[in-house]
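The primary structure of each chain is shown beneath.
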Amino acid sequence: MNPRLLLPLSVLAGLLLLGCSPREQATSSTGGVAPAADGSGLPVLGVAANWRLKDLAGRDVTLSQFKGKVVMLDFWATWCPPCRKEMPDFIALQKKYAERGLVIVGLSLDAQGPGVVKAFTESLGVNYVIAMGDNDVAEAYKVEAMPTTFLIDREGRIRHRKLGSLQDVAAYEAQIESLL
């Protein structure tokens, strides 16, 4: 094989396995992994970084406003096929678990702006919070590829990190239920 093709092919393979848009990995802010003490079976990966962003209507959205809820924080983009593929499952999860305290927040990393994102999410009937993410928030959460999704417990601790598209909805749903 041509050595000049090796790097581009390995990057392509990584994108296919993980998702879209690889990013530089920053130093970890989540620290070590602590065993779960609440019976959920999910480890504590660290404390979720707070953020203040704008939703698609230009209103402020912060992680702290969801204190006491289980938050599923999803980094995604309209141009990312794995991101688009899992959105109907997220819509169903939000509908099923909202009354039990689940809040799904999609942080779009689209450069085209909120108009494009709003048209896209409305066409899908997205029923959860969408805000425009930025590089600072993506770096704070060590987002390496999209989609990357975090489960954050009611105390603001990261309990799970999913890199790439949702493969097993039932298993992921069980993880969510363990935190509700």
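Note that this is a predicted model, so its numbers are computed, not measured.

**Q** Report on the side chain of Thr121, specifying residues and quantitative values.
**A** With respect to the helices and strands, the residue Thr121 is situated in helix 3 (residues 114-124). Beyond its immediate sequence surroundings of up to four residues, Thr121 is in contact with Leu56, Trp76, Met87, Val126 and Ile130.

**Q** Provide a residue-level description of the nonpolar core, including the pertinent values.
**A** Ranked by internal contacts, the top residues of the largest apolar core, which has 49 residues, are Trp51, Leu73, Phe75, Leu107, Tyr141 and Ile152. Of all the secondary-structure elements, those providing two or more residues to this core are strand 4 (70-76), helix 2 (81-97), strand 5 (102-108), helix 3, strand 6 (129-132), helix 4 (135-140), strand 7 (148-152) and helix 5 (169-179). Among all residues touching Leu73, those that are not within four sequence positions of it are Trp51, Val105, Leu107, Tyr141, Thr148, Thr149, Phe150 and Ile152.

**Q** Give me the lowdown on unusual backbone geometry, citing residues and values where you can.
**A** Cis geometry is adopted by the peptide bond preceding Pro147, which originates at Met146 and carries an omega value of -5 degrees. One non-glycine residue, Lys142, adopts positive backbone phi at about 60 degrees. As for its placement among the helices and strands, Lys142 is situated in the loop between helix 4 and strand 7. Given the relative accessible area of 13%, Lys142 is considered buried.

**Q** Please set out the packing of aromatic side chains residue by residue, giving values where relevant.
**A** Counted by the stated rule, this structure contains four aromatic pairs. By the ring-pair criterion, three or more aromatic residues cluster together here, those being Phe75, Tyr141 and Phe150.

**Q** Which residues make up helix 3, and what are the values?
**A** Buried residues of helix 3: Val117, Phe120 and Thr121, and no others. Axial view of helix 3: buried residues confined to an arc of 95 degrees, hence all on one face. In helix 3, those exposed residues whose orientation departs by more than 90 degrees from the buried face are Gly115, Glu122 and Ser123. Taken together, the buried residues of helix 3 touch strand 4, helix 2, strand 5 and strand 6. Looking one or two residues past helix 3, Gly125 carries a phi angle of roughly 75 degrees, positive in sign.

So, how was this worked out
Residues numbered from 1 in each chain as written. Predicted model: local features only at pLDDT ≥ 70, side-chain atom pairs only at ≥ 80, totals over all residues. Heavy atoms only, no water. Helix = DSSP H or I, 4+ residues; strand = E, 2+ residues; numbered from the N terminus. Contact = heavy atoms within 4.5 Å. Core = buried A, V, L, I, M, F, W, Y, C linked by side-chain atoms within 4.5 Å. Buried < 20%, exposed > 50% of the residue type's maximum accessible area, 1.4 Å probe, protein only. Phe/Tyr/Trp six-rings, centres within 6.5 Å; stacked < 30°, edge-to-face > 60°. Arc of directions from axis to C-beta.

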